[in-house]
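# Understanding the architecture of this molecule
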Amino acid sequence: MESAVRTRIAPSPTGEPHIGNVYAAMFCKAFAEQHHGQFVLRIEDTDRRRYVPEAVGLLIDAFHWVGLDPDEGPARGGPYGPYVQSERLPLYREQAEALVQRGGAYNCFCTPEELDAERKDAERRKVPYLYSRRCLRRPKEEVQQLLADGAPHVVRLRIPDGGRVSFPDAVRGDVSFENRFLTDQIILKSDGFPTSHLAIPMDDHAMHISHVIRAEEWLSSVPYYILVCQASGWPLPEFAHLSVLRNADRSKMSKRKNPTSVSWYRSQGYLPEALINFLALQGWSHPEGKEIFSFQEFTALLTLDRIVKSGPIFDFAKLDWMNRHYIRELTLDQLA
Ligand code: GLU
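Described in the following lines is the structure provided in the data block. (Residues numbered from 1 in each chain as written. Predicted model: local features only at pLDDT ≥ 70, side-chain atom pairs only at ≥ 80, totals over all residues. Heavy atoms only, no water.)

## Describing the sheet that holds strand β7 (residues 186-188)
What counts is decided by this rule: Any two strands are treated as partners once DSSP identifies two or more bridges connecting them. Secondary structure elements follow DSSP: runs of H or I no shorter than four residues count as helices, runs of E no shorter than two count as strands, and numbering proceeds from the N terminus. Axes here refer to lines fitted to C-alpha atoms; in helices the fit is confined to the stretch in contact. Angles between the N-to-C directions go from 0 to 180 degrees.
The sheet built from 3 strands is open, its strands ordered β3-β4-β7 with antiparallel pairing. At either margin of the open sheet sits one strand with a lone partner, and together these are β3 (105-108) and β7. For this sheet, the mean inter-axis angle between neighbouring strands, taken without regard to orientation, is 45°. Of the pairings in the sheet, the one linking β3 to strand β4 (residues 154-157) comprises 4 bridges and is antiparallel in character. Pairing of C108 across the sheet is with V154, part of β4.

Below, the structure is given as structure tokens:
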């Protein structure tokens, strides 16, 4: 029997929902549906400086408008909640401590000024910045004393000294990162909030996510994801990194160069069917080369190996053409 397929979309509520959220969510939902699995919505609100409270409701509405309601999430609940990261803080703290006990992570007491000096030094030497690991070498007794004194600290992931992290990506093939180019990332901040390096793999594990389908920009964080799983003794999900939507200059689609908020498309009269059809074609090719197809057809035919490796430029002329097509259909239906 096929094991349960569970996918998730994990947006950060930082403002207006981005068209890229819809783009990733439709691949996640279609893949889960095709395998009779579940599609989960998880709100990643641990970056408190960028947090916009209204954005949570806007995300839920945006997914509803385009027909991508999750099977589990903050509004619907489900067996693996809470589905909002800020409601899971004690879990992250416990796990960070467990990793310290197992030697997969360590406490770091370096001050922002010390770290800044390290960063500037790397800049001067024109080398990529990697944390010096000063606190990894701190004597145990000194660490105990600092903790007892309540000294502010973070928890860092301990990257193994040699070797590499390799994994298959359903879109990009075999990917590999050498450990010596990785840095001991912070996994728990001094305010007790986790960083994405801890919260994402931990929640994917807790929520039984089988396939992590998300944007390409997250590819370089996969080695940290895998090291957290390995240090914790968790199985790995499958990975599929989608190519990002692009501006005309091929940079990642951004609001400085293009409209990116879902509400803009809605207010301009784009139909959700047209937007979904258009976005499917940005990241995937229909096996018969068809251009007009429904989300149901996409769900039936989606295979991860037909996801494109490099996304085409966002083509508004094509989106308009598709929208006209769906508007015509709508009118015929209404006439009938
Ligand atoms: N919270 C991340 C974002 O806002 C998503 C990370 C992920 O999908 O693993 O894009």
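## Some details on the pattern of salt bridges
Under the convention used in this document: Salt-bridge detection follows one rule: a side-chain nitrogen of Lys or Arg within 4 Å of a carboxyl oxygen of Asp or Glu. When accessible area is computed with a 1.4 Å probe and restricted to protein chains, residues below 20% of their type maximum are described as buried, those above 50% as exposed, and intermediate ones as partly exposed.
What the rule picks out here adds up to 27 salt bridges. Here R6 and E72 are joined by a salt bridge, their closest N and O atoms 2.8 Å apart. Here E72 lies in the loop between α2 (54-65) and α3 (89-102) and R6 lies in strand β1 (residues 6-9), a separation of 66 residues in the sequence. Exposure class is identical for R6 and E72. Each is buried. Across the pair R42 and E44 runs a salt bridge whose closest N-O atoms are separated by 2.9 Å. Overall, the relative accessible area of 0% leaves R42 in the buried class. Under the relative-accessibility criterion, E44 is labelled buried at 9%. The network of salt bridges with common partners includes R8, R42, E44, R88, D203 and D204.

## Comments concerning the environment of A32
Here is the rule: Any two residues whose heavy atoms approach within 4.5 Å at even a single point are treated as in contact.
With respect to the helices and strands, the residue A32 is situated in helix α1 (residues 19-34). Through-space distance from the C-alpha of A32 to that of H211 is 8.9 Å; in sequence the pair is 179 residues apart. If sequence neighbours within four positions are ignored, A32 has contacts with V5, T7, G37, Q38 and F39.

## Comments concerning the packing of helix α6 (residues 196-206) against helix α7 (residues 222-232)
In helix packing, the relevant descriptors are the interaxial angle and the interaxial distance, both defined with respect to the helix axes. What counts here: By definition in this entry, angles of less than 35 degrees are roughly parallel, angles greater than 145 are roughly antiparallel, angles of 65 to 115 are roughly perpendicular, and the rest are oblique. By the definition used in this description, the sense in which the near helix is turned from the far one sets the handedness, with an anticlockwise turn below a right angle giving left-handed and a clockwise turn giving right-handed. Gly is placed with the polar residues, together with every amino acid not listed as nonpolar (Ala, Val, Leu, Ile, Met, Phe, Trp, Tyr, Cys and Pro) or charged (Asp, Glu, Lys and Arg).
Two elements in contact, α6 and α7, have axes separated by 9 Å at closest approach and are oriented at 60°. Viewed along their axes, α6 and α7 adopt a mutual orientation that is oblique. Crossing angle aside, the handedness with which α6 passes α7 is right-handed. Counting all contacts with α6, which are made through H197, L198, I200, P201 and D204, the residues of α7 involved are Y224, Y225, V228 and C229. Looking at side-chain class alone, the contact of α6 with α7 contains 7 nonpolar, 1 polar and 1 charged residues.

## Considering the site of the ligand
Operational definition: Being near a molecule or strand, for a residue, means having at least one of its heavy atoms within 4 Å of it. Whenever two N or O atoms come within 3.5 Å, that pair is a polar contact, provided that in protein one can donate a hydrogen and the other can accept it, and provided that, for residues adjacent in sequence, both atoms are side-chain atoms. Calculation of accessible area relied on Shrake-Rupley with a 1.4 Å probe; when residues are assessed, cover is drawn exclusively from the protein chains displayed.
Taken together, R8, A10, P11, S12, E44, I200, R214 and W218 form the complete shell of residues around the ligand. Within the side chain of R8, a nitrogen or oxygen atom sits 2.8 Å from an oxygen atom of the ligand. Between E44 and the ligand, the recorded distance is 2.6 Å, taken from a side-chain N or O atom to a nitrogen atom. Contact with the protein chains removes 82% of the 300 Å² of surface that the ligand exposes when unbound. Across the shell around the ligand, the residue classes tally to 4 nonpolar, 1 polar and 3 charged.

## Details of the nonpolar core
This is how it is decided: In plain words, nonpolar cores are sets of buried Ala, Val, Leu, Ile, Met, Phe, Trp, Tyr and Cys residues tied together by side-chain atoms within 4.5 Å.
M26, F27, L68, L279 and F298 are the most contacted members of the largest nonpolar core, which has 49 residues in total. Sort the elements by how many residues they give to this core and α1 lands first, with 11 residues. With residues near it in sequence (within four places) discarded, M26 still touches L68, I276, L279, A280, F295 and F298.

## A short note on the state of the cysteines
This is how the line gets drawn: Cysteine sulfur atoms are paired as a disulfide whenever they come within 2.5 Å of each other.
Enumeration according to the criterion identifies 0 disulfides in this entry. Of the cysteine sulfurs around C28, a residue in no disulfide, the closest is that of C229, at 17 Å. C135 takes part in no disulfide bond, and the closest cysteine sulfur to it belongs to C110, at a distance of 3.7 Å. Accessibility expressed as a relative area gives 3% for C135, which makes it buried.

## Examining the packing of aromatic side chains
Here is the rule we go by: Here a Phe, Tyr or Trp ring, Trp counted by its six-membered ring, pairs with any other such ring whose centre lies within 6.5 Å, and the pair is stacked when the planes are under 30 degrees apart, edge-to-face when over 60, and tilted otherwise.
Following the criterion strictly, the structure yields 15 aromatic pairs and no others. Judged by centre distance (4.8 Å) and plane angle (85°), the ring pair of W264 and Y265 falls under edge-to-face. Of the residues examined, W264 reaches a relative accessible area of 29% and is grouped as partly exposed. Taken together through their ring pairs, the aromatic side chains of Y23, F27, W284, F293, F295 and F298 make up a single cluster.

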